[in-house]
Amino acid sequence: MRTALHDVLDVDHPIVQAPIGSATRPGLAAAVADDGGLGHLAVTWRSLDGTREVIAETLGTTDGPVAVNLALDDRTTHHPTGEHLDAVLDAGAEFVSLSFGDPTPYVDRVHDAGATVFATVGTAEEAREAAAAGVDVVVAQGWEAGGHLQSEVATMPLVPRVVDAVDVPVVAAGGIADGRGVAAALALGADGTWLGTRFVATEEANVVDDYRQRVVAAGATDTVRTDLFDEGWPGREHRVLENSTVETWDAAGRPPSGERPGEDDVVGASPDGYPVERYGDDLPVAGATGDTEAWAQYAGQSAGVTEDVRPAGEVVRELVATAERALERPGADA
Ligand SMILES: Cc1cc2nc3c(=O)[nH]c(=O)nc-3n(C[C@H](O)[C@H](O)[C@H](O)COP(=O)(O)O)c2cc1C
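Residues numbered from 1 in each chain as written. Predicted model: local features only at pLDDT ≥ 70, side-chain atom pairs only at ≥ 80, totals over all residues. Heavy atoms only, no water.

Asks: Quick one: what's the story with the sheet that holds strand 10 (residues 223–226), residue by residue and with numbers?
Replies: Across the sheet, which stays open at both edges, the 3 strands sit in the order 7-11-10 with antiparallel pairing between neighbours. Every interior strand has two partners, whereas the edge strands, strand 7 (147–148) and strand 10, have only one. Pairing of strand 10 with strand 11 (residues 238–241) involves 4 bridges; the strand directions are antiparallel. Looking at strand 11, one finds that Thr226 is bridged to His238. (Pairing = 2+ DSSP bridges. Helix = DSSP H or I, 4+ residues; strand = E, 2+ residues; numbered from the N terminus.)

Given below as structure tokens:
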């Protein structure tokens, strides 16, 4: 499955473990990279020192390619993006992915460091702007994706429009969790695939087990697109598993922020003991305590296609084997 992605990136397979916020960690990114995909760290919510440390640890663990993601939306960033990007590049990142904002001001800085820049877009117009700004790879995220969202369009109609709009490699994100989805994205003209929810359900993901198991148990209709978990990142819609917080708010007639049931509830604590509020944007990382079912458990409609928890390298191998079969013989069983 050689694609144009291979021209900018030394990967064996057109498979990217998406940045999945605090669920990323060195062991996950390295496992994917070791098996021929692109691993990813998401560092937006880390300190600058923590950013340098996690990148150094990861690059010391694998010889494969690893990207580092920064979200650009200043409603959630903790540091000026320029400073954070300097920390990422100084730590040796060769691949940087930027999402939820305009990448233009940062492209030259990444290129000056000799690194490659990916930017996530939600429309063909945004893709054109990103390519014109010099972005090396465009990631088209459809609205069925898990986590925070930047599109009103599903992956299937979005990807062909983005592919038509730009000359740089395009990676499809949202709704892909098995090899048939990989094959479908390549058939749409994408050069790679970007999977988030599927990698939440891996042994290496930095999440509490309850979250992994709920992803596996979920059907495709068990997620909601909402702006509910807005403390920490207001005004940006996200897709999460339906849970008791969503159901209680729904039953109360979906009141606006400030008037929701249990607005001041503390539903648990982060591993370092910080309280997590009911409508907080924290995902339940490994070591979190309390009622983690009630937290934001980010997942896409691809949860309906995610059927087991596996080691991440095995996920990559299975995706590749099944995609190859599907490309040879459309309609092949997964
Ligand atoms: C748990 C979780 C956390 C996420 N965190 C980030 C993030 O930090 N930065 C980002 O650009 N996208 C983030 N996303 C979106 C993913 O990168 C990706 O676009 C999405 O997962 C693709 O859809 P899928 O979940 O159907 O595979 C997150 C997604 C999930 C499920």
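That shown, we press on.
Asks: Run through the pattern of salt bridges, naming residues and quoting values.
Replies: Tallied over the full model, the rule gives 20 salt bridges. The partner of Arg52 in a salt bridge is Asp49, and the shortest N-O contact between them spans 2.8 Å. Linking Arg52 with Asp49, this pair stays in helix 3 (residues 48–59), spanning 3 residues, or about one helical turn. On the basis of relative accessibility, which here comes to 34%, the residue Arg52 falls in the partly exposed class. Salt bridges here are not isolated pairs; linked through shared partners, they connect Arg198, Asp308, Arg310 and Glu314. (Salt bridge = Lys/Arg side-chain N within 4 Å of Asp/Glu carboxyl O. Buried < 20%, exposed > 50% of the residue type's maximum accessible area, 1.4 Å probe, protein only.)

Asks: I'd like a description of the nonpolar core, backed by residues and values.
Replies: If you look at the biggest cluster of nonpolar residues, it comprises 82 residues, and the most contacted ones within it are Val88, Val96, Val162, Phe199, Tyr211 and Val215. No other element matches the 6 residues that helix 12 (residues 312–328) contributes to this core. For this core, the two domains that each supply at least three residues are domain 1 (5–204 + 308–328) and domain 2 (209–302). Here Val215 is in contact with Thr197, Val200, Ala201, Leu241, Ala299, Ala303 and Thr306, once residues within four sequence places are set aside. Formed by 14 residues, the second largest nonpolar core is a distinct cluster that contains Leu5, Ala18, Leu38 and Phe95. (Core = buried A, V, L, I, M, F, W, Y, C linked by side-chain atoms within 4.5 Å. Domains from an automatic or database assignment. Contact = heavy atoms within 4.5 Å.)

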